[in-house]
Amino acid sequence: MKSQEIRTQFLDFFKSKQHLIVPSAPMVLKNDPTLMFTNSGMAPFKEYFLGNAKPKSTRIADSQKCLRVSGKHNDLEEVGYDTYHHTMFEMLGNWSFGDYFKKEAIAWAWELLTEVYKIDKDILYVTVFEGDKQDGTKMDTEAYDLWKQHIAEDRILKGNKKDNFWEMGDQGPCGPCSEIHVDIRSAEEKAKVDGKSLVNMDHPQVVEIWNLVFMQYNRKADGSLQELPAKHIDTGMGFERLCMVLQGVQSNYDTDVFTPLIREIETISGVTYGKDEKVDIAIRVIADHVRAVAFAIADGQLPSNNGAGYVIRRILRRAIRYGFTFLNQKEPFIYKLAETLSHQMGHAFPEIRKQDTLVHNVIKEEEASFLRTLDQGLLLLDKVIEDTKADTISGKKAFELYDTYGFPLDLTQLIAREKGYSINEDEFASEMEKQKNRSRSASASETGDWVTLVEDETEEFVGYDTLSVDVKLTRYRKVTTKKEGDQYQLVFNMTPFYPEGGGQVGDKGYIETPNGDVVHILDTKKENNVIIHFTKSLPKNLNETFRAVVNEEFRSLSASNHSATHLLHQALRAILGTHVEQKGSLVSPDYLRFDFSHFSKVDKGQLEEIEEFVNSRIKENLPLIERRNIPMQQAIDEGALALFGEKYGDSVRAIKFGQSMELCGGTHVQQTGDIWYFKIKSEGAVAAGIRRIEAITNVAVGDYFESIEKDYSEVKQLLKNPKDLVKTVSGLQDENAALKKQIEQLLKDKAKNMKGDIKNQLQEVNGVHFLAAQVDLDPNSIKNLLFELGGEVDNLFVLFATAPSKEKAMLTCYISKDLANERGYDAGKVVRELGKYIHGGGGGQNFFATAGGKNPGGIPKVLDKAKEYVS
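Now for a description of the structure that goes with this document. (Residues numbered from 1 in each chain as written. Predicted model: local features only at pLDDT ≥ 70, side-chain atom pairs only at ≥ 80, totals over all residues. Heavy atoms only, no water.)

Over its 13 residues, helix 1 (residues 3–15) runs 19 Å from end to end, which matches the ideal 18 Å to within 8%, given 1.5 Å per residue. Residues Ser3, Ile6, Arg7, Phe10, Leu11, Phe13 and Phe14 constitute the buried set of helix 1. Axial view of helix 1: buried residues confined to an arc of 160°, hence all on one face. (Helix = DSSP H or I, 4+ residues; strand = E, 2+ residues; numbered from the N terminus. Expected span 1.5 Å × (residues − 1). Buried < 20%, exposed > 50% of the residue type's maximum accessible area, 1.4 Å probe, protein only. Arc of directions from axis to C-beta.)

And the structure:
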């Protein structure tokens, strides 16, 4: 049975049980401060479990893309070494929100597995929660008795809290669970060892395939449990493992979920899967990781140096280094797998097909960048090895290579071992633990339970219509972090404060008590569909009615930049083409940042056109046309742009200025004239195929023009207030160019005069005319001089060093072509190896190469070592 059919049968089965089938939510979470990625099937439904929103249906089923690489659920280090852990995986799930409970969940799971998928009952085991004394919970006898109706009692096993009690986090909804395990070992193996003894023992052929979670408790901050008012079902079945069972193979990687990728990796690398364990691990790592990276990029998360972007970069770099070390791939190659992935999964997940060009380009650029880093790391490792007196390399040095340059420990160990060295692994582990402790300390937080003052099912946002309103505090909690100290999170029955989302920063302001006391709102965010207001203190009387007031200037400037962002998006599509898609944005009171897909640099003329387009719309003073709560499809049919990777409900809000129409929840000006003026400050690349524009509007433009005027006045004063400033500057440029030509001629003359002296300094070593010396010439003069010498002197080997400044050094090596070809000399290798002494590197051809570095103090060592190449 093909994987596509397996997925379809699951969804069709639950559709027949009156479940609403919903598409996978994006794997990248943009507006959830508690999670970077969707790490489980239930993550997109948290707000329903918490009672903060009502689902479209009380019964839902889906196949959800998930990513587990950080935090509590971290499978990264197992990936590739075993056959059933993955970074990205699909979670097939069925959900009940206060509808059916254990009886139906268990019966339907058994029906699907044994009657629809035809899995042999004799290879299945189930587990139920045995209870936990510390929590005061008893054995789940209800689930046990229900299972007895379907499976032999000796196949129902009891599990502890670790295996059979599922929790969303340290706090929140949780409950006992019942796992279904499958034993796919051979008959001979089953005869030797009973399968029940291998359940939950990390055996590769006795694995859990489905977890039925019975959400019936809420975990409080003190660790205690309280019953939920409504009970829910949350199930998750690993799609890849299910395919392994139904396709009769012994590994997830042998299913058609992975085999197309593995075949393509074999073709690219020229290796064969299944012959060498180290090679197999590398292939599994790459096949797994490219899926995670590609889908993350398709969902809107580009690799970067922080946050979620760093996680994606780390996954990709892990794949690159396995290819580099074990598949001998020294050039970018993983990007070539994007097409296979798009073809394979594009039907179920159309986003991967739509974004395949972006995925291809971003991965290719990341590969090239990291391979350059690996080259630099190899040079540094050579220096570390050279400076190591004994046969054990310092773990601190190995950690520095890992931490600063991303050079992995296993690669350091491999290279060191080849040269007869080992790594002090205990020292490395100690440094790693110190870093982890620093990280934990920096991010450590303590969150109290919500204290409910007023029961309020719906928190109303009124900030589109007013900036101040009377409110009641419905609940609050205390949160303590190292960075912010003690803070309070407040929830009101209604609020004018816009929460951070859609790129726009959250509102600031204050709440005022009847007696005039003020509590400042420092930030506003949305968590699990609840708008949370951050303060440093609580009002004295929590039950009073407060006046909530948004900072008008902060909101006004944010709205100006947000509306300008919409006009910018329209301008880009009109001028550059409709291929332009928004890939990210930041809207603050100070400036706006807009990331978009485009294949090349936006030139000066195009930027001027874009500015003119936006400012023309501003001058037209177009009125805001706001459509609230209209059906999603209606908005799309009317021409509204939906941003890719955003999560939209059935009803949406559409914002229109003239011909610009987008789905948007942010705040906007009432007419475009309120923006006043739009000015682009910069345009540049973020990643392959992604450009970024930063711009300002309103007050910031006024400040910018004032600054330009000030600079203009200062330049005029420096030039003695000429009548025609442009003409004067142009004259200075002409004069400067003439002086440069004179200097170049003087340097040529200097080099020509030096040529005789250099010829006299040449030494004959093993039939080679050799010289290593420090000279005071510019790079172009050095090159000309060396090539002239090469035309006059046979068998020439010259290395020149120069120090243009206290923090810059340069090496240039010239070797006669005949000499290089006959004796195997390589100028590129010479400068790369000697470059480590000046803390740099470089390269070139075998007869001419250069290197740059930051340590002129290393030049004497370079000159001393150079002679060894001809001795």
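That covers the picture; the talk isn't over yet.
Bringing the pairing of strand 18 (residues 485–492) into the picture now. Summarising burial for strand 18: 6 of the 8 residues are buried, a large majority. The pairing of strand 17 (residues 468–481) with strand 18 spans 8 bridges and is antiparallel. Within strand 18, the residue paired with Tyr476 across the bridge is Leu490. Between strand 17 and the antiparallel strand that follows it, strand 18, lie 3 residues. (Pairing = 2+ DSSP bridges.)

This part takes up the sheet that holds strand 31 (residues 690–697). The antiparallel open sheet is built from 4 strands, whose spatial order is 25-26-31-30. Only two strands of the sheet have a single partner each, and these edge strands are strand 25 (582–587) and strand 30 (678–687). Ignoring which end each strand starts from, the neighbouring axes of this sheet average 15° apart. Bridging between strand 26 (residues 592–597) and strand 31 involves 6 bridges; their strand directions are antiparallel. Residue pairing in the sheet places Ser597 in a bridge with Ile690 of strand 31. Sitting on the sheet, helix 17 (residues 552–575) is in contact with strand 25, strand 26, strand 30 and strand 31, with an inclination near 25° to strand 26. (Axes fitted to C-alpha atoms, helices over the stretch in contact; angles between N-to-C directions. Contact = heavy atoms within 4.5 Å.)

Pairing is antiparallel in the open sheet, where 3 strands are placed in the order 27-28-29. A strand with exactly one partner marks an edge of an open sheet, and here the two such strands are strand 27 (625–631) and strand 29 (660–663). Neighbour to neighbour, the strand axes of the sheet diverge by 20° on average, direction disregarded. By the bridge criterion, 5 bridges tie strand 27 to strand 28 (residues 651–657) in an arrangement that is antiparallel. By the bridge assignment for strand 28, Arg627 is matched with Ala654. In the packing of helix 17 onto the sheet, the strands contacted are strand 28 and strand 29, and the crossing angle to strand 29 comes to about 115°.

The subject of this paragraph is the nonpolar core. The biggest cluster of nonpolar side chains holds 121 residues, and the ones touching the most others in it are Trp147, Trp210 and Ile334. Broken down by element, this core gets its largest block of residues, 15 residues, from helix 9 (residues 277–298). Val614, Ile655, Cys664 and Ile680 belong to the second largest nonpolar core, which has 27 residues in total. (Core = buried A, V, L, I, M, F, W, Y, C linked by side-chain atoms within 4.5 Å.)

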